[in-house]
Amino acid sequence: VGMENIYEGTVFVDDSGAGIQIGQVKIRTVLPRTMRTQIGTAEPVHDSKNSGIISKEPSERRTDKVRVAIRSEDVIISREAFASSARNRLPARVLSLDNYGAFIKLTLDAGLPLKAIITKQAVEELEIAEGQDVWATFKASAVHVFEQEK
């Protein structure tokens, strides 16, 4: 088990928090503390609780190129969108299903290539098939962000 979903993207910060823009897809994430203190200026601007979150106007916030990784087992597949605490809900189309015994690896087109591992039982219960539209859901904390070397 490893990181199969690896992307290059650009950090953005808006009124809803931090995220990574990958092509046309915006993914919500929690930035590492070292990155939170770098956005906007070289000097960190802390809030009253000293959390390391930058309080700058959006026009002043700098964007950085990063690598992003999401474990395929952290991606939840559903037939319909559902309310949850997960910040990332992407409409996707199933491109393929690969059988690994008790598990099935789905390859999805979610505006970016995305792999998900779910149980064979879930595939059967949800009647997932190639060409089907599904929802791929994952938490912001499941998005691992790595700074790219400059």
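Position numbers for residues count from 1 along each chain, tracking the sequence in the order it is written. Per-residue local features are limited, in this predicted model, to residues with pLDDT of at least 70; the limit for side-chain atom pairs, both in listing and counting, is 80 or more; totals at the level of whole chains, interfaces and linings are taken over all residues. Just so you know, side-chain values use all the structure's heavy atoms and leave hydrogens and water out.

Student: Let's hear about the confidence of the model for the protein: which residues, and what values?
Tutor: The share of residues in the protein with pLDDT of 70 or more is 77%, and the mean pLDDT across the chain is 84. Confidence of the predictor in every single residue is expressed as pLDDT, which spans 0 to 100. What makes two residues a contact is simply this: any of their non-hydrogen atoms within 4.5 Å. Contacts of residues 40–60 to residues separated by more than four positions or lying in other chains number 29 contacts, the stretch itself having pLDDT below 50.

Student: So what's going on with the sheet that holds strand 7 (residues 103–109)? Residues and values would help.
Tutor: Paired strands, as defined in this entry, are two strands with at least two bridges between them according to DSSP. Segments assigned H or I by DSSP are reported as helices when at least four residues long, segments assigned E as strands when at least two residues long, and all are numbered from the N terminus. Taken together, five strands build an open sheet; the order of strands is 5-9-6-7-8 and the sheet is antiparallel. Edge positions in the sheet fall to strand 5 (76–78) and strand 8 (113–119), since each of these pairs with one other strand and no more. With direction set aside, neighbouring strand axes in the sheet form an average angle of 45 degrees. Where strand 7 lies against strand 8, seven bridges are found, and the strand directions are antiparallel. In the strand pairing of strand 8, T107 is matched with K115. Here the axes come from fitting lines to C-alpha atoms, over the contacting stretch only for helices, and the angles between their N-to-C directions go from 0 to 180 degrees.

Student: Outline the pattern of salt bridges, listing residues and values.
Tutor: Whenever Lys or Arg places a side-chain nitrogen within 4 Å of a carboxyl oxygen from Asp or Glu, that contact is recorded as a salt bridge. On inspection of all chains with the given rule, the structure shows four salt bridges. A salt bridge links R93 to D133, with the shortest nitrogen-to-oxygen separation between them at 2.8 Å. Of this pair, R93 sits in strand 6 (residues 88–100) while D133 sits in strand 9 (residues 133–138), and the two are 40 residues apart along the sequence.

Student: Tell me about the nonpolar core, residues and numbers included.
Tutor: Among the nonpolar cores identified, the biggest contains 31 residues, and I77, L108 and L114 are the most heavily contacted of them. When sequence neighbours within four positions are dropped, the list of residues in contact with L108 reads I77, A92, R93, V94, L95, P113, L114, A116, V134 and A136. Here, nonpolar core refers to any group of buried Ala, Val, Leu, Ile, Met, Phe, Trp, Tyr and Cys residues whose side-chain atoms link them within 4.5 Å. Note on exposure labels: buried denotes an accessible area under 20% of the residue type's maximum, exposed denotes more than 50%, and partly exposed covers the range between, all computed with a 1.4 Å probe on protein chains only.

Student: Go over the sheet that holds strand 4 (residues 65–70) with me, naming the residues and quoting the values.
Tutor: Spatial ordering of the open sheet is given by 3-2-1-4-10, a layout of five strands whose pairing is antiparallel. Lying at the two open borders of the sheet, with one neighbouring strand each, are strand 3 (25–28) and strand 10 (143–147). In this sheet, adjacent strand axes meet at a mean angle of 40 degrees when their direction is disregarded. For strand 4 and strand 10, the ladder comprises five bridges, and the chain directions are antiparallel.

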